[in-house]
Amino acid sequence: MATLLQQLINGLVLGGLIALIALGYTMVYGIIQLINFAHGEVFMVGGFASLATYSYVLPDGLKSDWWFALPLMAIGGALVAVILAVIMERFAYRPLRNAPRLAPLITALGVSVILKEAVRLWYPGATAPVPFPRVFVNKTFTFEVFDGSITIGSTAILMIVVSIVGAIILQTYITRSRMGRAMRATAQDPDTARLMGVNPNRTIVLTFVIGAALAGIAGVLYGIQITNVDTEVGFLYGIFAFTAAVLGGVGSIKGAVIGGFAIGLVKTLSGQYLPGGTQYDLVWIFVILIAVLVFRPQGLFGEPERVRA
Amino acid sequence: MRNQTVKAGVLVAGALLLAACGTNKTESGAGGGNQSCDQSKGTLVIGVIAPQSGGLSALGLGIKNSAQLAADQANEKCAVKGYKLAVQTEDDQATAQVGAQAATRLSSNANVVGVVGTLNSSVAQSVQPILKGKNIVQISPANTNPSLTRGKDYGTAPKRDFETYFRVCATDDLQGPFAAKYLVGKAGKKSIAIITDGKTYGEGLAAEFKKQAEKDGAKIVASAKVGEKDTDFAGVIATIKGSNPDAIYYGGEYPQAGPLSKQAKDAGLAVPVMGGDGIYDQKFIDLGGKEGDLATSVGAPTDTLPSAKAFIDAYKAKGFKDDFSAYGAFSYDATNAIIGSLAKAIEGGDWSDSKRADLIKNVQSYSAQGATGEIKFDEYGDSTNKLLTVYKVSGGKWVADETGTFGG
């Protein structure tokens, strides 16, 4: 029982991270039907940028004050991620907006390779995993339950909280604000939206910016939780997040969050209870993805009640 | 339309997963030259196959630099008459398939006399047949899986499949039991959890460890596997935590082992993690290896061997950017074994393919005092030097705890 609870918690922590990244996937897809494969790398760059903020920007005296250091790192990570996403949108995706769908998809792959290799070459020591400081209250909470104990770290709690709060704010913003309405209008029909006075370019850039900011923050949270960053993680978590977005129904905010948590839980629970153990946990994630695509191609929260970003 | 895009996306994602271990990078080390030697006959190349990028590059760069050092010294001393020696390094990215490409590229060059490498036993498996096909001698500074020299029935019916293959380090059928003796006997751990990364090296080492640990009266309370690219080990830690192990034995390498040790502690499982030579690197500690974690590694500690002092001084004098790390001294010895045997093989003659058989014969009978001790090979191509050392993390550093040989 304690093991089950522990695995549920582990799944939620992993799921929170995946959900944060998946939000960016789903929003961009919702508005321009582009599967931005470079989004996982934006997350990775966010992690490295926040580490650089810590190492090179933050004064030594303030490194142990997490209430100052952590927000600054989050801002640094998100800022670099946002700048990157804006450049990416402007030079890689905008020229291809009216091209056949596969063209921007392949471009996204190219951008992803460029980003990964650029960080690997230029960030000092990034040819191997780089240690990341745990800039947060480093505390673990242990609860005695039934036949054992479960443990959860403060960074893990932060991860779950940030992802849920982030999704709620985003959902509110998209359904309530003026810019949110512009986003939904552009998603439905860019030409009509333009006739109604919406600037589609600005709206699309904003979508990229929001997605990248969330990915940048996810990068910081990943760093303090796992305590290292590696250029490889963008790819792995990008695939997780993409799967989460497809599972939840691409374009749906709620779907991305629930898809993220579902994948986190499937990974940890299948590693515990299914044959093959942790060596095969990724297999089950993709088995579920295939099953969803076969039986419900629009995803769990796709099309009908979809709130498009 | 939209579903088609999603489907295309899924296809691409799948293709990406398959191609995750993609391209190949080449770096060429220039051989240091000394013009006072006769180098009129051209350049002969010693190939190095080791990871130059990715998580294991700390070990691979040490291997490359040390091979370069040996070649430079040989050039200065005019060790090979008439020829200049150069080192050509191929990045295997710690991947068998990329390693095979690297071996193919090196073996297509008629001037490649021998190969130093690989780091990973799994990569060696794919490199061995390619080099054997061209009769190119290979000396590994770091492969510890016993089947590479003695075949898959190494315990009962040893059989040498690759007479071109040699190694200068001790093997896992000694290293695993040596670790078990220490962990069960000396450290008194009786309920041990085993985690492996599923690769040739990790699996083999853990299996050898398990045999001896059980013989010595310890119980293996849990076994689990992690993926080679995993970074989040909360799941696997929770699966073994229920069985309350008092130590974790990890068969694998430091990019996973370091974070694993830290995450286990975070999850309330603050027991020592022990591993083999694959985790014996400073990076293990940087990435989260904690005080009291243990590792075995091949040979005696490099900095305590009097024979290693000259190597360390020369390495430092060269000003390499990277540390020589766990296998530097072994790589230096391996390279010198090739150079020494090469010099003998072409004494007074020219290099040609027909000299390869002589070169292999000379390596087989090679004997010299190297940086890691006596360098000599037995009938299977294994080193006769069976020294192993247990290291312990203490004060943020690996500190040698016990050196010896495994005596059954």
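Nothing here was measured: the structure is a model prediction, and the numbers come from that model.

### Some words on the overall build of chain A
Part 1 of the argument: Per the secondary structure count, chain A includes eleven helices and four strands.
Part 2 of the argument: Taking 309 residues into account, the globule formula puts the C-alpha radius of gyration at 19 Å, and chain A, at 19 Å, falls close to it.
Part 3 of the argument: Put simply, chain A has 309 residues, and 55% of those count as buried.
Part 4 of the argument: The long-range share in chain A, meaning contacts at least 24 apart out of those at least 6 apart in sequence, stands at 77%.

### Quick notes on the overall build of chain B
Part 1 of the argument: A tally of helices and strands in chain B yields 13 helices and 15 strands.
Part 2 of the argument: Compactness check: chain B gives a C-alpha radius of gyration of 22 Å against a globular reference of 22 Å for 408 residues, within 12% of the reference.
Part 3 of the argument: If you line up chain B on its principal axes, its C-alpha atoms span 70 × 65 × 45 Å.
Part 4 of the argument: Taking the contacts inside chain B whose residues are at least 6 apart along the sequence as the reference set, 76% of them involve residues at least 24 apart.

### Digging into unusual backbone geometry
Residues and elements named next belong to chain B.
Part 1 of the argument: Of note, the bond from G117 into T118 is cis; its omega dihedral lies within 30 degrees of zero at 5°.
Part 2 of the argument: Among the structural elements, T118 can be located in the loop between strand 4 (112-117) and helix 4 (121-133).
Part 3 of the argument: With a phi angle near 50°, Q93 is a residue other than glycine that sits in the positive phi range.
Part 4 of the argument: Here Q93 falls in the buried class, since 27 other C-beta atoms lie within 10 Å of it.
Part 5 of the argument: Positive phi is not limited to glycine here, since S325 has a value of about 55°.
Part 6 of the argument: For S325, the location among the structural elements is in the loop between helix 11 (306-318) and helix 12 (328-345).

### Notes on the interface of chain A and chain B
Part 1 of the argument: Each side of the interface is counted separately: chain A has 46 residues, and chain B has 40 residues.
Part 2 of the argument: If you list the elements that add at least two residues to the side of chain A that touches chain B, you get helix 1 (2-32), helix 4 (102-122), strand 2 (140-145), strand 3 (148-153), helix 9 (233-248), helix 10 (253-273) and helix 11 (281-295) of chain A.
Part 3 of the argument: The residue makeup of the side of chain A that touches chain B, split by class, is 20 nonpolar, 20 polar and six charged.

### With respect to the pairing of strand 2 of chain A
Residues and elements named next belong to chain A.
Part 1 of the argument: With zero of its six residues buried, strand 2 lies for the most part at the surface.
Part 2 of the argument: Bridge count for strand 2 against strand 3 is six bridges, and the pairing is antiparallel. When the sheet's bridge partners are listed, F141 is paired in strand 3 with I152.
Part 3 of the argument: Hairpin geometry of strand 2 and strand 3 is characterised by an intervening segment of two residues between the two adjacent antiparallel strands and by a positive phi of about 35° at F146.

### Quick notes on the sheet that holds strand 15 (residues 397-404) of chain B
Residues and elements named next belong to chain B.
Part 1 of the argument: Spatially, seven strands are ordered 8-7-9-10-11-14-15 in an open sheet, and the strand pairing comes out mixed. With one partner strand each, in any of the chains shown, strand 8 (219-225) and strand 15 form the two edges of the open sheet. Within the sheet, the average angular offset between the axes of one strand and its neighbour, ignoring direction, is 25°.
Part 2 of the argument: Here strand 14 (residues 388-394) pairs with strand 15 via seven bridges, running antiparallel. Residue pairing in the sheet places V390 in a bridge with E402 of strand 15.
Part 3 of the argument: Here helix 9 (residues 254-266) sits on the sheet and contacts strand 9 (247-251) and strand 10 (273-275); the angle it forms with strand 10, its principal contact strand, is near 165°.

### Digging into helix 10 of chain A
Part 1 of the argument: With 21 residues, helix 10 of chain A extends 30 Å from end C-alpha to end C-alpha; this agrees with the ideal 30 Å at 1.5 Å per step.
Part 2 of the argument: Of all 21 residues that make up helix 10 of chain A, 17 are buried, and the element is covered over most of its length.

### A closer look at the environment of T175 of chain A
Residues and elements named next belong to chain A.
Part 1 of the argument: Within the fold, T175 resides in helix 5 (residues 154-176).
Part 2 of the argument: The class of T175 is exposed, set by 12 C-beta atoms lying within 10 Å.
Part 3 of the argument: The spacing of T175 and I35 is 140 residues in sequence and 23 Å in space, taken between C-alpha atoms.

### Regarding the pairing of strand 7 (residues 191-196) of chain B
All names here are of chain B.
Part 1 of the argument: For strand 7, the tally of buried residues reaches five of six residues, placing the bulk of the element in the interior.
Part 2 of the argument: Of the pairings in the sheet, the one linking strand 7 to strand 8 comprises six bridges and is parallel in character. From the neighbouring strand, A193 faces strand 8, where its bridge partner is A222.
Part 3 of the argument: Since strand 7 and strand 8 lie parallel, the crossover through helix 7 (residues 200-215) that links them has a hand, and here it is right-handed.
Part 4 of the argument: Across five bridges, the pairing between strand 7 and strand 9 is parallel. Along strand 9, the bridge assignment pairs A193 with I248.

### Let's talk about the nonpolar core
Part 1 of the argument: Residues I18 and A81 of chain A together with I338 of chain B are the most contacted members of the largest nonpolar core, which totals 226 residues.
Part 2 of the argument: Examining the composition of this core, we find that 17 residues originate from one element, helix 1 of chain A, more than from any other.
Part 3 of the argument: Discounting chain neighbours no more than four positions away, the residues touching I18 of chain A are Y237, F240, A241, A244, G260, I263 and G264 of chain A.

### Side note on the confidence of the model for chain B
Predicted coordinates in areas of low pLDDT are best not read in detail.
Residues and elements named next belong to chain B.
Part 1 of the argument: For chain B, the mean per-residue pLDDT works out to 89, and 92% of the residues sit at or above 70.
Part 2 of the argument: Confidence drops under pLDDT 50 across residues 20-34; counting only partners more than four residues distant or on other chains, this segment forms 38 contacts.
Part 3 of the argument: Model confidence for the complex: the whole-complex pTM is 0.84, and ipTM, which rates the interface, is 0.82.

### Overview of the confidence of the model for chain A
Part 1 of the argument: Here chain A averages 90 in pLDDT, and 98% of its residues register 70 or above.
Part 2 of the argument: Segment residues 304-309 of chain A: pLDDT under 50, and 23 contacts once partners within four positions in sequence are set aside and those in other chains are kept.

### Quick look at helix 6 (residues 178-188) of chain A
All names here are of chain A.
Part 1 of the argument: Those residues of helix 6 not exposed but buried are A182, M183, T186 and A187. Down the axis of helix 6, the buried set is contained in an arc of 135°. They therefore lie on one face. Turned more than 90 degrees from where helix 6 packs its buried face, R178 and Q188 sit exposed.

### Thoughts on the packing of helix 2 (residues 39-57) of chain A against helix 9 of chain A
Residue and element names in this part refer to chain A.
Part 1 of the argument: Interhelical geometry of helix 2 versus helix 9 gives an angle of 130° and a closest axis separation of 7 Å. Put simply, helix 2 runs oblique to helix 9. Along this stretch, helix 2 crosses helix 9, giving a crossing that reads as right-handed. Across from H39, G40, E41, F43 and M44 in helix 2, the residues of helix 9 making contact are V233, G234, F235, Y237, G238, I239 and A241.
Part 2 of the argument: Of the residues assigned to the contact of helix 2 with helix 9, the class counts are seven nonpolar, four polar and one charged.

### Remarks on the environment of V115 of chain B
Residue and element names in this part refer to chain B.
Part 1 of the argument: For V115, the position within the fold is in strand 4.
Part 2 of the argument: Residues V115 and A70, 45 residues apart in the sequence, show an inter-C-alpha distance of 13 Å.
Part 3 of the argument: In contact with V115, not counting residues within four places along its chain, are G47, I49, L106, L131, I136 and Q138.

### Section: the packing of helix 10 of chain A against helix 8 (residues 234-241) of chain B
The description of two packed helices rests on the angle between their axes and on the distance between the axes.
Part 1 of the argument: Remark: helix 10 of chain A packs on helix 8 of chain B, axes separated minimally by 9 Å, with the N-to-C direction vectors making an angle of 35°. Viewed along their axes, helix 10 of chain A and helix 8 of chain B form a crossing whose handedness is right-handed. Here K267, T268, G271 and Q272 of chain A of helix 10 of chain A lie close against helix 8 of chain B, whose contacting residues are G235, V236, A238 and T239 of chain B.
Part 2 of the argument: A per-class count over the contact of helix 10 of chain A with helix 8 of chain B returns two nonpolar, five polar and one charged.

Rules used in this analysis
- Residues numbered from 1 in each chain as written.
- Chains lettered and ligands numbered in written order.
- Predicted model: local features only at pLDDT ≥ 70, side-chain atom pairs only at ≥ 80, totals over all residues.
- Helix = DSSP H or I, 4+ residues; strand = E, 2+ residues; numbered from the N terminus.
- Rg over C-alpha atoms; globule rule 2.2 N^0.38 Å.
- Buried ≥ 20, exposed ≤ 12 C-beta atoms within 10 Å, placed from the backbone.
- Contact = placed C-beta atoms within 7 Å.
- Nonpolar A, V, L, I, M, F, W, Y, C, P; charged D, E, K, R; others polar.
- Pairing = 2+ DSSP bridges.
- Axes fitted to C-alpha atoms, helices over the stretch in contact; angles between N-to-C directions.
- Expected span 1.5 Å × (residues − 1).
- Right-handed = clockwise from strand over helix to strand, strands pointing away.
- Core = buried A, V, L, I, M, F, W, Y, C linked by C-beta atoms within 7 Å.
- pLDDT = per-residue confidence, 0-100.
- Arc of directions from axis to C-beta.
- Parallel < 35°, antiparallel > 145°, perpendicular 65-115°, else oblique.
- Left-handed = near helix turned anticlockwise from the far one by under 90°.

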